Amino acid sequence: MNKCLLFIMAVVLLCSCASEDNAVEIYVDSNERMVGDGSKEHPFNSIASALHKAKEIKGTSENAEITVKLLDGDYYLMKAIVIDSSLNGLTITGTDASKVTIKGSRKLETNWQKFNEDIYVTSVAKKSDFDQLIIDDTPQTLARYPNYDENGGYWQGHASDAISKERIATWNNPVGAYFHVLHGGRWGGFHYQITGINDNGTPKLKGGHQNNRPSRPHEKYRMVENVFEELDAPGEWFLDKASSKLYYYPSEGVNLVNTTAEVSALKDLFQLIGTAENPVKDITISNISLQHTKRTFMEEFEPLLRSDWTIYRGGVVFFEGTENCTVKRCIFKDLGGNVIFASKYNDNLKIAENNIYDCGASAISFVGDPSAVRSPAFQYGEVVPYSEMDTLPGPKNELYPRNSLVENNLIHRIGRTEKQTAGVQIAMAMDITIRSNSIYDVPRAGINISDGTWGGHLIEKNDVFNTVLETSDHGSFNSWGRDRFWHPNRKVMDSMTLEHPKMYTWDAIKTTTIRQNRFRCDHGWDIDLDDGSSNYHIYNNLCLNNGIKLREGFERVVENNILVNNSLHPHVWFANSLDVFTHNVVAKAYQDVGLKGWGKDLDYNLFPNEESMMKSQIYSRDIHSVYGNPEFKNPSKLDFTIMNDSLIKAIGFKNYPMDEFGVQIPTLKRIAKTPEVPVLTTGSKSEDKESPTVEWLRNSLKSVDSEQEQSAYGLKSAAGVIILGVWNKSPAVQNNGLKKGDVIIEVEGKPIATIKDFFTINQNYQNEGKLTVVVMRNQSEKKLTIQTK
C-alpha cells in the first residue's frame, strides 16, 4: 500500500467522527480527575476541552453539526464560555436540567471554628471577593438590617433608619456596605456603596446610577447589607476582606462538619458574541441548570432612551450579533443579575420552556443599540428640537433584536435585588413574540416595553400576576412611548402632533398586539400604556383587577376585553388620538383624567349599570352600549366566559378560551401558580343594595338612597348625589368647588334625585364647561359654580 493511499485513509479516519450525516458528539464529565478524548467511553473533564475539540473539527469540516453532551454533575467554570462564529451550528446540551448544572461559583475549603455562641469563622484565600455564599446548594443572606423576612415587603424587610447616623455609629467599619433604597416615587430602586463617613456622621455614598428619572432616596423603604455588626440572624454571613475571614451564623439544621460551601465567582456563564456582518449562528443551549453568579447592581448602567430605566448591558447568558440561536429547557436560579440578555443585533432568537426564578434582576431582555434610533433622547426632560430632528421612519441601522420568540417559560421571583426590572424587557427592538409564559411574584412589571421603537411585538396567551409588589405606578404589562413625537411640555406636543398627525408612526412603525392574555395587578393597572405608548391593538384579554390605562398616545384599538371589577382609564388623551374602545365588558364607569378628546370611537360596550354608562354618554360616546349582568360562567375557577347571550349579541362580543393562559409545557404547568380569584363587585343595582359608586372627573359619586343617608346629611328628602371622595386636581374641585361630603341637590335650577338625573342635565351643558350647582354642605345649602373641563 503506497504512502499516498495511507495518507488518504488517515484523513478519512480523522474525519470519521463527523460520520456520513455530518453529526459529531463530544462528551463531557464533571469529574475533574478524568482525562479523555471526548468519546462517550472517555469523556473530557471540562467544557473548555470540548469546545477546543469542536473548533478543531470545525477547522477541517466547517459544516459539521457538533453536539457537546454534558453528563450528570456540577460544572464549575473558571471563566465564562465564549462562543464566536467559528463554532456556528454548535449545540451544548445536558442529559436533564435537574441533573446537569453549570455554576458561577467556587467550592470553599473551610475549617470552621467557633467565633461566639452563634457565629462560626473560617479563613479564606487572600483577596477573596464574593457576594454570595451557598451552603449545601442554598444561598445564604449577606449580613443586613433589617433582617430578612420573606413577608417583609420591599427587599424582604426595610427600615427608615437603615443608614441613620445613630445606627452607623454602632458599626466599626461601614466601608463596603451596600445601601438599597427605593426611588422617591417608588418607580424603581437605587443602590449605593458606602465609601466612608462624613464629619457629621452621615455616610459617603457611591452609586445611585440605576434609575433614569432620579429622585431623593425614599425615606422609608431602605435596607443596608454587608455590615459585620448586623450579622445577628440564622443564615447570615459576612466576609472580612482585610483579614480574609468568613463569618457565618448557621441556619437551624446546618451541620458545618459535612456541609458544602460555595461562593460566587463569575457574573456571566455564556457569551455568544458576533457582529451583524459575521454573526454567531445556530447555537443551541439546552437541558442545563445555571446557578450562582455574582450580583451586578454596581456595574455600569446606561439609559434606555427616555424611559424610566437605566440597565446593565449584560446577562448570565448574553447574546450579541447572533442569528437562529436557542435556549430551551434550562433552569436558571440563584443568579445575581440579568439572566438572558439579547443586545444589539439578534435575529430569530428563541427562548423556550425554561424555568427562571430567584434571580437578582430581569429574566429576559431584548435591548437594541441607541445608534439604531433616529434622533434619540435619553432622559425624560431631554428634547431634540423638531428643526434638528431626523424625520425618516424606522431604524437607522441593524443593531437591534428582531424576529425573536419567548415561549412557554415559567418566570417568578426575579428582581430580588434590583427593582427596575421585568420578567421580559423590550427596548429598541422589533417583532418580538412573547407567548404562553407564566410571570408572577415580581417587584415591578411582568412585561415591559420601554419605547415605541419599532413595534410589531406580539404578546399573547401569557398569565401575568402578582406584579408591582415593590414599586408603584406601573402595571402587569407596562410600556412607554416617549419617542420623537413626545415632548415633556404638553402644549408643544399638542402643537407638533396636530401639525404632523402621523409623527407617532416614525418610531412605532408597526402595530404591537396584546391578545388573549390574563393579567392581574393589585398595585397598579392590569395593562398600563403610559406616556406616549402608540400603535397598539389590544383584544381578547382577561383583566382581573385594575383595568386598562391608556395615557397620552395615538391609535390604541382596545376591543373584546373583559375588565373584571374595573374599567378603562383614559388619561390625558390628545384631541386627535384615534383611540378606540369597543365591544368590551367593564365593571365601572370610565376613570378619565384630563382629556382633550374622547378618541375615535367608544361604543358597543357592556356596563354594570345605567349610571356608569350614562357617564360616558355625556360626551356623546357609548350611544349603542348597554348595561346588565354578563353572567360569568364560573368565576371561582377563573372562567369568565359570558353566558348572557342577549348582551353578547347587543355589543358584538365574542367569547374566547379561558384555559390557554400561561405556560403550557406539562412539567412547568404542574408547578406554575395561577392568579388569586377576584371577589366580584358587580356594580349592578337592585332593590336591596346601595346605589353604585360612579367616578366623574375622578371624583366618587353615589345617589342618596336611604332615609339613613337623608338624616346623616341633613337633607329634606332621600334625594341627591353624594360626593364620597374628591381628587384635588379635578376641575370640579379646584377654585373652591366640590368637597368630600357635599350632596348635590340641584343643577342649573333643576332638582337632582339620582346620578342619572345629574348626568342627564350635565350632558346638556357639556359644551359650557361649567355648571351651577346647589350642594348641601354641613347641613346648609350652598350655591357653587364648578368647572367641568
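In the block above lies the structure referred to throughout.
Residues numbered from 1 in each chain as written. Predicted model: local features only at pLDDT ≥ 70, side-chain atom pairs only at ≥ 80, totals over all residues. Heavy atoms only, no water.

1. Let's talk about the packing of aromatic side chains
Inference 1: Under the counting rule described, the total for this entry stands at 29 aromatic pairs.
Inference 2: For the pair Tyr590 and Trp598, a centre-to-centre distance of 6.2 Å together with 35° between the ring planes defines the contact as tilted.
Inference 3: The class of Trp598 is buried, set by a relative accessible area of 10%.
Inference 4: Pairing Trp696 with Phe758 gives two aromatic rings, centres 5.0 Å apart and planes at 90°, and the pair type is edge-to-face. With Trp696 in strand β59 (residues 694-696) and Phe758 in helix α9 (residues 755-764), the pair connects residues that are 62 residues apart, well separated along the chain.
Inference 5: Owing to a relative accessible area of 1%, Trp696 belongs among the buried residues under this scheme.
Inference 6: Among the aromatic residues, those joined into a cluster by ring pairs are Phe581, Tyr590, Trp598, Phe607 and Tyr619. (Phe/Tyr/Trp six-rings, centres within 6.5 Å; stacked < 30°, edge-to-face > 60°. Buried < 20%, exposed > 50% of the residue type's maximum accessible area, 1.4 Å probe, protein only. Helix = DSSP H or I, 4+ residues; strand = E, 2+ residues; numbered from the N terminus.)

2. Describing the environment of Trp480
Inference 1: Tracing the chain through its elements places Trp480 in the loop between β43 (475-479) and α4 (490-499).
Inference 2: Assessed through its relative accessible area of 1%, Trp480 is described here as buried.
Inference 3: Residues Trp480 and Ser307, 173 residues apart in the sequence, show an inter-C-alpha distance of 6.6 Å.

3. A closer look at unusual backbone geometry
Inference 1: The residue after Tyr145, namely Pro146, is reached through a cis peptide bond having omega -5°.
Inference 2: By the secondary structure assignment, Pro146 is in the loop between β13 (144-145) and α3 (165-168).
Inference 3: For the bond running from Thr453 to Trp454, omega is 0°, close enough to zero to count as cis.
Inference 4: Summarising the element assignment, Trp454 is placed in strand β40 (residues 454-455).
Inference 5: For Asp136, which is not glycine, the phi torsion reads 50° and is therefore positive.
Inference 6: Structurally, Asp136 can be placed in the loop between β10 (133-135) and β11 (138-139).
Inference 7: Taking relative accessible area as the criterion, Asp136 reaches 42% and is therefore assigned partly exposed.

4. Here we look at empty space enclosed by the protein
Inference 1: Using the criterion set out here, one finds 3 cavities of 30 Å³ or more in the structure.
Inference 2: Taken as a whole, the largest cavity holds about 140 Å³ of empty space.
Inference 3: The residue makeup of the lining of the largest cavity, split by class, is 9 nonpolar, 3 polar and 6 charged. (1 Å grid on protein atoms, 1.4 Å probe; cavity = no way out; pocket = protein on both sides within 12 Å on 5 of 7 lines; lining within 4 Å. Points joined across faces, edges and corners; volume = space filled by probe spheres on them. Nonpolar A, V, L, I, M, F, W, Y, C, P; charged D, E, K, R; others polar.)

5. Describing the sheet that holds strand β12 (residues 141-142)
Inference 1: Strand order in the open sheet made by the 5 strands is β8-β9-β19-β18-β12, with mixed pairing throughout. Two strands bound the open sheet, and with one partner strand each, they are β8 (113-114) and β12. (Pairing = 2+ DSSP bridges.)

6. Side note on the pattern of salt bridges
Inference 1: In total, this model carries 48 salt bridges according to the counting rule given.
Inference 2: Lys103 serves as the salt-bridge partner of Glu262, at 3.1 Å between the closest nitrogen and oxygen. Taken together, the residues span a long stretch of sequence, with Glu262 in strand β20 (residues 261-264) and Lys103 in strand β6 (residues 100-103) at a distance of 159 residues.
Inference 3: Relative accessible area serves as the criterion here: at 3%, Lys103 is assigned to the buried category.
Inference 4: For the salt bridge of Lys461 with Glu660, the shortest nitrogen-to-oxygen distance reads 3.5 Å. Within this pair, whereas Lys461 is found in the loop between β41 (458-460) and β42 (463-465), its partner Glu660 is found in the loop between α6 (645-651) and α7 (666-669), the two being separated by 199 residues in sequence. (Salt bridge = Lys/Arg side-chain N within 4 Å of Asp/Glu carboxyl O.)

Shape descriptors only; they carry no functional weight alone.
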